[in-house]
Amino acid sequence: MSYSFPINHQSMIFDDTRNQIYADAIKTLVDQNSVVMDLGAGLGLHGLIAARAGARMVYLIEPEPVIHVAARLAEENGLSGNTECIQAKIESLELPQPVDLIISVFTGNFLLQEDLLPSLIHARDKHLALNGRMIPDQAKMFVQPISAEEFYKKNIDCWCERSQDFSFSFVRKHAANTIYQDDYKDLNYKALASPAEILHMDFMTATSTDCKTRTTMEIETDGICHGFLGWFDMRLGQHWLSTSPRAKKTHWRQVYLPIDPSLKVREGQQLTFCLQRPQFGEWTWSIETEGRSQRHSTFLSGLLQHSDLAKKSDTYKPALTEKGRLARHVLELFDGNTAAGLISKEISSSEDTHFKSEAEAKRFVTGLINRYG
């Protein structure tokens, strides 16, 4: 299977705002006795910084093939002597010694997105030495109510317009329950209240990434509330890095959580914002003010049918499809003795095969090898 170089590595490698703060924190915490883990290393920049800072050993951990590029970079920069590049998921990783420092970039847009933090918690519990440190080690989430008429018309109101004399108003519900991710620094919006901190997470002690928070803010200026901007700050060493729309640009983006219908607010009005998200789950946000409430959820942004919902239930009784039964059969042939080509030929020539060619069967087998082999 070919490997395409992910373009996001470029945006992170050349994110000088982020990388300089990481570098300053790493240099402060690393000495000649340090054993360091660069978790989700990618091209290994932060691990290489730790190695160059004099760490005794740096483990660069990355599940994707890009780790081999990181190994080459370590060699070309004269750092292969105190680095080891390992292609593995953290959940299956075994190391010969605990680490004194875990460096990670497992914070997605709005902190919890991408669901990488549970893997960071696992790495901490299994591999971090007593009195070890983490970069980052804390993070905060913020929201701010805004008026953004132009953006709202473009993304929410637009669905009430007709096209070729067809109505698309049904789609508005899905659009209004979607979280929009972008760089909103240049968004033409008006802040209606000061930013409110809604969650403070300590990565050194957190045991879950469930989010259930409620905060009340006071409207500071009259206007129409079209939703909320959201972002996070995180602590790297002694420095806090912000991803807010007012801070220096990084590769992280802010999020916009719409409300529909929009809400007319006035100075001095109390507005309560609630945000919930179970680990690996859907986002739900709601507002309450003066006896009125609205609730939104990314669950409603999807196009799920009843059959799809049934499969998410604990009482659902799954059965293998034809393709599932075939996958089970192929996995049984992964005995360490049978060549992949022979497996592909066997399943493509069987009487009940649904593959149109041996090449198609080979792609199926290769996919299973890459995932389970």
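For the structure given in this document, a descriptive report is provided here.

Reading guide: rules and limits
- Residue indices begin from 1 for each chain and proceed along its sequence in written order.
- The model is predicted, so local features are restricted to residues of pLDDT at least 70 and side-chain atom pairs to those at 80 or more, both for listing and for counting; the totals for chains, interfaces and linings are taken over all residues.
- Neither water nor hydrogens contribute to the side-chain values; these are computed over all heavy atoms in the structure.
- By convention a nonpolar core is built from buried Ala, Val, Leu, Ile, Met, Phe, Trp, Tyr and Cys residues, the set being connected through side-chain atoms within 4.5 Å.
- Only protein chains enter the accessibility calculation, which uses a 1.4 Å probe. A residue is then buried if its area is under 20% of the maximum for its type, exposed if over 50%, and partly exposed in between.
- What makes two residues a contact is simply this: any of their non-hydrogen atoms within 4.5 Å.
- Two rings from Phe, Tyr or Trp (for Trp, the six-membered ring) form a pair when their centres sit within 6.5 Å of each other. Planes less than 30 degrees apart are called stacked, planes more than 60 degrees apart edge-to-face, and all others tilted.
- Secondary structure counts use DSSP, requiring at least four H or I residues in a row for a helix and at least two E residues in a row for a strand, with both numbered from the N terminus.
- Patches here: salt-bridge-free residues with over 30% relative accessible area, like charges joined within 9 Å, nonpolar side chains (Val, Leu, Ile, Met, Phe, Trp, Tyr) joined within 5 Å.
- We get accessible surface area from the Shrake-Rupley algorithm with a probe of 1.4 Å; when it comes to residues, only the shown protein chains can shield them.
- We define a salt bridge as a side-chain nitrogen of Lys or Arg found within 4 Å of a carboxyl oxygen belonging to Asp or Glu.
- The charge count includes Lys and Arg as positive and Asp and Glu as negative, but it does not include His or the ends of the chains.
- Here the site of a charge means NZ on Lys, CZ on Arg, CG on Asp, or CD on Glu.

Focus: the nonpolar core
Thought 1: Residues Met-37, Met-141 and Leu-275 are the most contacted members of the largest nonpolar core, which totals 78 residues.
Thought 2: Those residues within four positions of Met-37 in sequence are excluded, and the remaining contacts are Tyr-59, Ile-61, Ile-90, Leu-93, Leu-95, Val-99, Leu-101, Ile-102, Ile-103, Ala-123 and His-127.
Thought 3: Of all hydrophobic cores here, the second largest spans 13 residues; its members include Phe-142, Ala-148, Tyr-180 and Leu-229.

Here's the deal with the packing of aromatic side chains
Thought 1: In total, this model carries eight aromatic pairs according to the counting rule given.
Thought 2: Seen from their ring centres, Phe-142 and Trp-231 are 6.2 Å apart, and the 15° between their planes marks the pair as stacked. Placement of the pair is Phe-142 in strand 6 (residues 138-147) and Trp-231 in strand 13 (residues 223-236), with a sequence separation of 89 residues.
Thought 3: Take Trp-231: its relative accessible area is 2%, and that puts it in the buried class.
Thought 4: For the ring pair Tyr-180 and Tyr-256, a centre distance of 6.1 Å and an interplane angle of 45° mean the geometry is tilted. Remark: Tyr-256 occurs in strand 15 (residues 254-265) and Tyr-180 occurs in strand 9 (residues 180-182); sequence separation between them is 76 residues.

Re a negative patch on the surface
Thought 1: On the surface, a cluster of negative charge is contributed by Glu-218, Glu-220, Asp-222 and Glu-267.
Thought 2: In this structure, Glu-267 sits in the loop between strand 15 and strand 16 (270-277).

Looking at the pattern of salt bridges
Thought 1: Inspection of the entire model under this criterion finds 12 salt bridges.
Thought 2: The partner of Asp-183 in a salt bridge is Lys-249, and the shortest N-O contact between them spans 3.7 Å. Here the residue Asp-183 occupies a position in the loop between strand 9 and strand 10 (190-191), and Lys-249 occupies one in the loop between strand 14 (239-242) and strand 15, the gap between them amounting to 66 residues.
Thought 3: Residue Asp-183 is classed as partly exposed on the basis of its relative accessible area, which comes to 26%.

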